[in-house]
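Structure assessment
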Amino acid sequence: MSTPLVEMKNVSIAFGGVHAVDDVSIELHAGEVVGLLGHNGAGKSTLIKMLSGAYKMDSGEIWIEGERATINSPADSRDYNIETIYQTLALADNLDAASNLFLGRELTTKLGFVDDGRMEAETRKIMARLNPNFKKLKEPVSALSGGQRQSVAIARAVYFNAKILIMDEPTAALGVHETAMVAELIGELKKQGLGIFLISHDTREMMDLCDRVSVMKNGKMVGTERVEDVTEDDILSMIILGKNPKAAA
Ligand SMILES: Nc1ncnc2c1ncn2[C@@H]1O[C@H](COP(=O)(O)OP(=O)(O)OP(=O)(O)O)[C@@H](O)[C@H]1O
Ligand SMILES: [Mg+2]
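Quick caveat, the model's predicted, so the values are computed rather than measured. (Residues numbered from 1 in each chain as written. Chains lettered and ligands numbered in written order. Predicted model: local features only at pLDDT ≥ 70, side-chain atom pairs only at ≥ 80, totals over all residues. Heavy atoms only, no water.)

By domain assignment, the chain separates into domain 1 (1-81 + 163-249) and domain 2 (93-161). Each of domain 1 and domain 2 has a C-alpha centre, and the two are 27 Å apart. Summed over both sides, the interface of domain 1 with domain 2 buries roughly 1100 Å², with 62% coming from carbon and sulfur. The largest contributions to the domain 1 side of the interface with domain 2 come from Arg78, Met181 and Leu185, which together make up 39% of the buried area. Every element with two or more residues in the side of domain 1 that touches domain 2 is listed here: β7 (164-168) and α6 (176-191). Residue composition of the side of domain 1 that touches domain 2, by class: eight nonpolar, two polar and three charged. (Domains from an automatic or database assignment. Buried area = accessible area lost by both parts, 1.4 Å probe. Helix = DSSP H or I, 4+ residues; strand = E, 2+ residues; numbered from the N terminus. Nonpolar A, V, L, I, M, F, W, Y, C, P; charged D, E, K, R; others polar.)

If you want it as structure tokens, here you go:
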């Protein structure tokens, strides 16, 4: 077995009296998609927010490529080549695709000015690869569809050489066609060797996209299974009953 890209070991965090994530362990390998499933409030977003640096865990350890990692901020997380696409997709609505792609990491000329021409050219290049139908380079992203916005966010991750991608409900607000496009992008990134944590409520979609799925309930990890080893019903019963039928067998 290769060294995992990410290992979260016995991670916990509480808000007041609520144990949002309680002693959870999970790992992710290169070229693997691991899905997180569970009811609203199960702790899925909170778990990945400790990896993205949005929350600081109370206890537990994070290991990245075999080394103990310290993640206290989103900047720390980025330093480990982790990119996050949040549930509420954070793009600057009034800016175009290129400005969003390079937001906070603008390309500059030798004299230190923001190099709009080069940023647009780079954006054109990467969008041509990821989403060839994407034409709205000059418009503010508020004018883009949900799927197009997703592809800008994914382009940002790919451009900055993410090794680990966190996608929190990337298809929740998308139509059928756009969901298919995001699914295709996920497949492409997986082939390139990225490891992806994917959160979704669509069990069917998760069975299609993920190599393994983990189910959480009330802050606890119910279980992790390879999708070929379980049925959709097995997964649903893990979500609802909080028990792993495989583990009991
Ligand atoms: N910043 C916070 N302050 C207080 N409580 C929080 C905070 N963030 C999360 N929680 C609580 O932690 C628990 C887990 O929430 P979380 O957002 O991780 O759930 P989730 O599994 O992502 O749910 P959903 O499917 O609805 O997105 C919930 O009880 C939530 O209210
Ligand atoms: Mg969530």
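Around ligand 1 sit 15 residues, and of these Asn40, Gly41, Lys44, Thr46 and His201 come closest. One nitrogen or oxygen atom from the main chain of alanine 42 is found 3.2 Å from an oxygen atom belonging to ligand 1. A distance of 2.7 Å is found between an oxygen atom of ligand 1 and a side-chain nitrogen or oxygen belonging to lysine 44. Put simply, the parts of the chain that give the shell around ligand 1 at least two residues each are β2 (18-28) and α1 (44-52). Per-class residue counts for the shell around ligand 1 are five nonpolar, eight polar and two charged. (Near = heavy atom within 4 Å. Polar contact = N/O pair within 3.5 Å; in protein donor to acceptor, adjacent residues only side chain to side chain.)

What follows deals with the pairing of β7. Within β7, five of the five residues are buried, which leaves the element mostly enclosed by the surrounding structure. Both faces of β7 are covered, namely the face carrying Ile164, Ile166 and Asp168 and the face carrying Leu165 and Met167. Note: strand β6 (residues 82-85) against β7, four bridges, orientation parallel. Bridging from a neighbouring strand, glutamate 83 pairs with leucine 165 of β7. Of the strand pairs in this sheet, β7 and strand β8 (residues 195-199) are connected by five bridges, and their pairing is parallel. Bridging from a neighbouring strand, isoleucine 166 pairs with phenylalanine 197 of β8. A crossover links β7 with its parallel partner β8, the connecting element being α6, and its sense is right-handed. (Buried < 20%, exposed > 50% of the residue type's maximum accessible area, 1.4 Å probe, protein only. Pairing = 2+ DSSP bridges. Right-handed = clockwise from strand over helix to strand, strands pointing away.)

Bringing helix α8 (residues 232-241) into the picture now. What α8 keeps buried is the set Asp234, Ile235, Met238 and Ile239. Angular distribution of buried residues about the axis of α8 spans 135 degrees; they occupy a single face of the element. Turned more than 90 degrees off the buried face of α8, the exposed positions are Asp233, Ile240 and Leu241. Within two residues after α8, glycine 242 carries a phi angle of roughly 70 degrees, on the positive side. (Arc of directions from axis to C-beta.)

Counted at 1.5 Å a residue, the expected span for helix α4 (residues 116-130) with its 15 residues is 21 Å, and the 21 Å between its end C-alpha atoms agrees. All of the buried residues in α4 are Met119, Glu120, Glu122, Thr123, Ile126, Met127 and Leu130. Taken down its axis, α4 places every buried residue within 165 degrees of arc, on the same side. Turned more than 90 degrees off the buried face of α4, the exposed positions are Lys125 and Arg129. Looking at the buried residues of α4, the elements they touch are α3 (97-101), α5 (146-159) and α6. (Expected span 1.5 Å × (residues − 1). Contact = heavy atoms within 4.5 Å.)

In the sheet, strand β1 (residues 6-15) pairs with β2 via six bridges, with the strands oriented antiparallel. Paired with isoleucine 13 across the two strands is valine 21, which belongs to β2. Taking the residues that link successive antiparallel strands as the turn, the β1-β2 hairpin has two residues, and the phi of glycine 16 there is positive, at about 60 degrees.

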